[in-house]
Amino acid sequence: MGDPYLDGMLKKSIYADRFSVRGRLVGILNGKLDDRKLDLISVPSRALRKGEIHELIHTDEENARPGRQVNSIHYVAFFEVIGPGIVLAGDQVFLNENFAGHLTGFDETHMPNHMNIVFFSKKCGTGVSMGLALGDEICFKMGVSNT
């Protein structure tokens, strides 16, 4: 059985509506790499379960999307999922109710421990440079241009 995303069977998003996924920061990160070689999986969606902990990574690479490799990254934070749901490439990422960028994809290097969740904005920063603190909120809201 094939993958409907990889096989090009889905011509538009199948997601009519979804809950926003919420979390709280449990670890603040402060580092950057220019040659990370994160391989984003080709699937544009993931289910995030309550209580899971995942890593948030920031990139300024405009061509970052599912199935691509990302090299320029800033480490932002680890977060615990408190409001579970489905996240999708193209979703809007909010930190403390401030728009931070758009979700670009997922890297499973550290699974099953945690997933790397990568988001894009032109101005990249670490958790420390963004002034984030433990307990701050993260929210993924349904994007306008989901794949």
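Residues numbered from 1 in each chain as written. Predicted model: local features only at pLDDT ≥ 70, side-chain atom pairs only at ≥ 80, totals over all residues. Heavy atoms only, no water.

Regions of empty space are outlined by a rolling probe, equal in size to a water molecule, passed over the atoms. Empty space within the largest pocket amounts to approximately 220 Å³. Lining the largest pocket are 13 residues, and of these His58, Leu95, Phe99, Ala100 and Met130 lie nearest its centre. By residue number, the principal contributor to the lining of the largest pocket is strand E9 (residues 98–107), which donates three residues. Here the residues of the lining of the largest pocket sort into seven nonpolar, five polar and one charged. (1 Å grid on protein atoms, 1.4 Å probe; cavity = no way out; pocket = protein on both sides within 12 Å on 5 of 7 lines; lining within 4 Å. Points joined across faces, edges and corners; volume = space filled by probe spheres on them. Helix = DSSP H or I, 4+ residues; strand = E, 2+ residues; numbered from the N terminus. Nonpolar A, V, L, I, M, F, W, Y, C, P; charged D, E, K, R; others polar.)

Turning next to the pairing of strand E8 (residues 92–95). Direction of pairing for E8 relative to E9: antiparallel, over a ladder of four bridges. Within the sheet, the bridge partner assigned to Gln92 lies in E9 and is His102. Bridge count between E8 and strand E11 (residues 137–141): four bridges; the pairing is antiparallel. Pairing of Gln92 across the sheet is with Lys141, part of E11. (Pairing = 2+ DSSP bridges.)

With that out of the way, let us pick up a negative patch on the surface. On the surface, Asp34, Asp35, Asp60 and Glu62 cluster together into a negatively charged patch. Mapped onto the elements of the fold, Asp34 is located in the loop between strand E1 (21–33) and strand E2 (38–39). Classification of Asp34 as exposed rests on a relative accessible area of 56%. (Patch = residues over 30% accessible without salt bridge, like charges linked within 9 Å, V, L, I, M, F, W, Y side chains within 5 Å. Areas by Shrake-Rupley, 256 points an atom, 1.4 Å probe, with all protein chains shown as cover. Salt bridge = Lys/Arg side-chain N within 4 Å of Asp/Glu carboxyl O. Lys, Arg positive; Asp, Glu negative; His and termini not counted. Charge placed at Lys NZ, Arg CZ, Asp CG, Glu CD. Buried < 20%, exposed > 50% of the residue type's maximum accessible area, 1.4 Å probe, protein only.)

Evaluation of the coordinates by the stated rule reveals two aromatic pairs. With a centroid separation of 5.8 Å and an interplanar angle of 50°, the aromatic rings of Phe79 and Phe140 are classed as tilted. A residue pair is termed long-range when its members are at least 10 positions apart, and Phe79 in strand E6 (residues 73–83) and Phe140 in strand E11 qualify at 61 residues. One exposure class covers both Phe79 and Phe140, and it is buried. With centroids separated by 5.7 Å and ring planes inclined at 70°, the aromatic side chains of Phe94 and Phe99 adopt a geometry described as edge-to-face. If you follow Lys141 out to its NZ or CZ, it ends over the ring of Phe94, 4.6 Å from the centre. (Phe/Tyr/Trp six-rings, centres within 6.5 Å; stacked < 30°, edge-to-face > 60°. Lys NZ or Arg CZ within 6 Å of the ring centre and 35° of its normal.)

What follows covers the sheet that holds E1. Pairing is mixed around the closed barrel formed by seven strands, whose spatial order is E1-E6-E4-E10-E9-E8-E11. Across the sheet, the mean angle from the axis of one strand to that of its neighbour is 40°, orientation sign disregarded. The sheet contact formed by strand E4 (residues 53–59) and strand E10 (residues 116–120) spans five bridges and is parallel. From the neighbouring strand, His58 faces E10, where its bridge partner is Phe119. (Axes fitted to C-alpha atoms, helices over the stretch in contact; angles between N-to-C directions.)

Applying the stated rule across the entire model yields four salt bridges. Notably, a salt bridge pairs Glu52 with Arg49, separated by 3.2 Å at the nearest N-O pair.

Among the structural elements, Arg18 can be located in the segment before E1. In this structure the side chain of Arg18 is engaged in a polar contact, spanning 2.9 Å, whose partner is the backbone oxygen of Ile86. Within the structure, Arg18 has its side chain in polar contact with the side chain of Asp91 (distance 2.8 Å). (Polar contact = N/O pair within 3.5 Å; in protein donor to acceptor, adjacent residues only side chain to side chain.)

As a further point, take the environment of Asp35. Here Asp35 lies in the loop between E1 and E2. Assessed through its relative accessible area of 49%, Asp35 is described here as partly exposed.

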